[in-house]
Amino acid sequence: MSGSSMSETKSNQRFHSLNAEQVEVLHQVLSEAVPIHGRGNFPTLELRPRDIIIAVRARLQQQGIAVRDIRLNGSTASHVLVRDNGTSYKDLDIIFGVELPSQEEFQVIKESVLGCLLDCLPAGVNRERISSSTMKEAYVQKMVKVFNEHDRWSLISLSNNSGKNLELKFVSKLRRQFEFSVDSFQIILDRLLESYMQQESQHKRSTVLAESMYGDFEAAMDHLRYRLIATRNPEEIRGGGLLKYSNLLVRDYRPASETQIKTLERYMCSRFFIDFPDVQEQQRKILSYLKNHFIGEERSKYQYLMTLRRVVDDSTVCLMGHERRQTLNMITVLALKVLGEQNIIPNTDHVTCFYQPAPYLADPTAPYLAEPSYCSYFIPQGGSTLLYQPYPLHLHTQTGLV
C-alpha cells in the first residue's frame, strides 16, 4: 500500500457520519435556549446556541477573520453520539477554527462576541450607552487567552448560574485537544448551520461529520458505549488528566487495559504535581473542579475525593514522603468537609473519640499541661482507619478509602 493510501485510510478512521437520530439530538442541543444570566440589573438572555454561533461567525468574517470550521466539543458531543454514556453534559463547548497571526486578533474576537450579546438585549435598551467592558462584566464568566509557540487560542465563557455555560473557544493552534478517548469527539457543525440559514426542516437532510481527536473513531466509540478509559500520552495533558480520570472512575468507567493503567496513572500523577506543585494550588484546582463538574451532584463529591485520594496514594512516585502526606491529608480534609456540609455522619458504631495531647504538651513539668484539649477521631470502615488530629493530620489506611 502506498504512503498516500495509508495516510488516507488513517484519516478516514478519524471521521464518521452521524445517523438520523444523532443529527436530531444535535439539532435539539443547538435549538434549546440557554439562559445567559446577567449580573446586577442586566437581564437574562435566552439564547439558542445556533443563533449566537451564526451571529459570531458573521461578525468575525465582517472583521476580516476567516473561520475554517465550527465544532461542538467535549461532553456535549459525547452526549450527541451516545446519549446514555454515564457522564452528564453541562457546558456547551463550541470551537471556532480561526487564524491568529498576532495577539491583536484576540481583541477583535472579544469585541465581536460582546457585540453579538449587545444585539441580544431587549428592545428599548439604549445600546449606545453600554460599553463592551460593561457587557463583559455583566455576561462573561471567564476569559482566557494563550499565545505561544505551540498553542494559540482564546476562550470566552458566558455566565450561567446552573453551570451550563456556553463556552466559545477560538483556536488557531492547540497542541492537545482531548484528555481521554471518550471526550475526544468533535462534531463539525458547518453544514447544519448552513441548513438553518436556508430552511428550518433542512437539518434532517444534512450530512454531519464527527471526528475523534484520539485518532480511531470506532475504538473511541466503543470506549464511550462500554464506559472504558483510554488515553495517549497523558503527560502532555495539563494536570495529567488526573481529575477527569477520577471522575470517570466514579461514574463506573473502567480501564480499557488493566496492564497499562498503572503506568498511565503514574504519568497522570507526575504531571499533576509538576503543574500544581504547591498543596494550596492543588486544593484550589480540586475545589474548582468540584464546583464546575458536580453541580447538582453533591452526594458524589465524597466518593470522587476518596477515589482521587486512592489514585494519588497508589500511583504517586514523584513526591517526597512529607509532600505526599500533605496532599493526601488535604484531600481527606476536603472529603470530611463535604460530609459535614451534607450532614452525613459516619456510623457511630465504628467511631472512637479520645483525647490525645499535642506533641508540645508531652513534658509533664510544663505549666500549660493542665487541660489538654486536642481531640483525635478514629473511624475504621471496611478495614480502614482514619486518624484525624488538628495538628498535624495523619492517615493510616489499607484500602485508601475511608
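What you see is a predicted model, and the numbers here were worked out from it, not measured in a lab.

**Focus on the overall build of the protein chain**
Moving on, step 1. Along the backbone of the protein chain there are 13 helices and 16 strands.
Moving on, step 2. Here the analysis covers contacts within the protein chain between residues at least 6 apart in sequence; of these, 66% occur between residues at least 24 apart.
Moving on, step 3. Accessible surface, the protein chain as shown: approximately 20600 Å² in total, 49% of it carbon and sulfur.

**Some remarks on unusual backbone geometry**
Moving on, step 1. Residues other than glycine seldom take positive phi values, yet Asn-233 does so here, at roughly 50°.
Moving on, step 2. Tracing the backbone shows Asn-233 in the loop between strand S11 (228-229) and helix H9 (242-250).
Moving on, step 3. Taking relative accessible area as the criterion, Asn-233 reaches 39% and is therefore assigned partly exposed.
Moving on, step 4. Phi is positive for Asp-252, close to 70°, though the residue is something other than glycine.
Moving on, step 5. Note on placement: Asp-252 falls in the loop between H9 and strand S12 (254-255).
Moving on, step 6. Relative accessible area serves as the criterion here: at 59%, Asp-252 is assigned to the exposed category.

**A short note on the packing of aromatic side chains**
Moving on, step 1. Inspection of every chain in the model, using the stated rule, returns ten aromatic pairs.
Moving on, step 2. Look at Phe-42 and Tyr-139: their rings are 5.8 Å apart centre to centre, the planes differ by 85°, and that puts the pair in the edge-to-face class. One end of the pair, Phe-42, is in the loop between strand S2 (34-36) and strand S3 (45-47); the other, Tyr-139, is in helix H6 (residues 132-139), and 97 residues separate them in sequence.
Moving on, step 3. For Tyr-139, a relative accessible area of 0% gives the class buried.
Moving on, step 4. The interplanar angle of 50° and the centroid separation of 5.0 Å between the aromatic rings of Phe-294 and Tyr-304 together place this pair among those described as tilted. With Phe-294 in the loop between helix H11 (279-293) and helix H12 (301-315) and Tyr-304 in helix H12, the pair connects residues that are ten residues apart, well separated along the chain. Taken individually, Phe-294 and Tyr-304 each receive the classification buried, so the pair is uniform in this respect.
Moving on, step 5. Put simply, the rings of Phe-272, Phe-273 and Phe-276 pair up and form one aromatic cluster.
Moving on, step 6. The positively charged end of Arg-176 is found above the aromatic ring belonging to Phe-178, 4.4 Å away from the centroid.

**A short note on H9**
Moving on, step 1. Of all the nine residues making up H9, nine are buried; the element is thus mostly covered by neighbouring parts of the structure.
Moving on, step 2. Of the residues making up H9, those classed as buried are Leu-242, Leu-243, Lys-244, Tyr-245, Ser-246, Asn-247, Leu-248, Leu-249 and Val-250.
Moving on, step 3. The secondary structure elements touched by the buried residues of H9 are S11, S12, helix H10 (258-275), H11 and H12.
Moving on, step 4. A positive phi of about 70° marks Asp-252, the residue just after H9.

**A few points about the packing of H11 against helix H13 (residues 321-341)**
Moving on, step 1. Remark: H11 packs on H13, axes separated minimally by 10 Å, with the N-to-C direction vectors making an angle of 35°. H13 is crossed by H11, and the crossing has right-handed handedness. Across the interface between the two elements, Val-279, Gln-282, Gln-283, Ile-286 and Leu-287 of H11 pack against Gln-326, Thr-327, Met-330, Ile-331 and Leu-334 of H13.
Moving on, step 2. By residue class, the composition of the contact of H11 with H13 is six nonpolar, four polar and no charged.

**What about the pairing of strand S6 (residues 140-147)?**
Moving on, step 1. Inspection of the sheet shows S6 paired to strand S7 (residues 152-158) by seven bridges, in the antiparallel sense. For Phe-147, the partnering residue across the bridge sits in S7 and is Arg-152.

**Some words on the sheet that holds strand S1 (residues 15-17)**
Moving on, step 1. Spatially, eight strands are ordered S1-S10-S9-S4-S5-S8-S7-S6 in an open sheet, and the strand pairing comes out mixed. Two strands in the sheet have a free side with no partner beyond their single neighbour: S1 and S6. Going across the sheet, the axis of each strand differs from the next one's by a mean of 25°, ignoring polarity.
Moving on, step 2. Along the sheet, helix H5 (residues 104-119) contacts strand S5 (92-98), S6, S7 and strand S8 (166-173); its crossing angle with S7, the most-contacted strand, is approximately 20°.

**Topic: the confidence of the model for the protein chain**
Moving on, step 1. Averaged over all residues, the pLDDT of the protein chain equals 84, while 80% of them reach at least 70.
Moving on, step 2. Overall, residues 350-402 carries pLDDT values under 50, and its contacts beyond four positions in sequence, including any with other chains, amount to 90 contacts.

**Notes on the pattern of salt bridges**
Moving on, step 1. The tally for this structure, following the rule as stated, stands at 19 salt bridges.
Moving on, step 2. Between Lys-244 and Asp-183 there is a salt bridge, and its shortest N-O distance comes to 2.7 Å. One end of the pair, Lys-244, is in helix H9; the other, Asp-183, is in the loop between S8 and strand S9 (185-188), and 61 residues separate them in sequence. Pair check on accessibility: Lys-244 and Asp-183 agree, each one buried.
Moving on, step 3. With a closest N to O distance of 3.1 Å, Asp-222 and Arg-225 form a salt bridge.

**With respect to H6**
Moving on, step 1. Along H6, the positions that sit buried rather than exposed are Met-135, Ala-138 and Tyr-139. Buried residues in H6, looked at end-on, bunch into an arc of 70°, giving them a common side.
Moving on, step 2. Buried-residue contacts for H6 involve S2, S3, H5, S6 and S7.

Rules and cut-offs
- Residues numbered from 1 in each chain as written.
- Predicted model: local features only at pLDDT ≥ 70, side-chain atom pairs only at ≥ 80, totals over all residues.
- Heavy atoms only, no water.
- Helix = DSSP H or I, 4+ residues; strand = E, 2+ residues; numbered from the N terminus.
- Contact = heavy atoms within 4.5 Å.
- Areas by Shrake-Rupley, 256 points an atom, 1.4 Å probe, with all protein chains shown as cover.
- Buried < 20%, exposed > 50% of the residue type's maximum accessible area, 1.4 Å probe, protein only.
- Phe/Tyr/Trp six-rings, centres within 6.5 Å; stacked < 30°, edge-to-face > 60°.
- Lys NZ or Arg CZ within 6 Å of the ring centre and 35° of its normal.
- Axes fitted to C-alpha atoms, helices over the stretch in contact; angles between N-to-C directions.
- Left-handed = near helix turned anticlockwise from the far one by under 90°.
- Nonpolar A, V, L, I, M, F, W, Y, C, P; charged D, E, K, R; others polar.
- Pairing = 2+ DSSP bridges.
- pLDDT = per-residue confidence, 0-100.
- Salt bridge = Lys/Arg side-chain N within 4 Å of Asp/Glu carboxyl O.
- Arc of directions from axis to C-beta.

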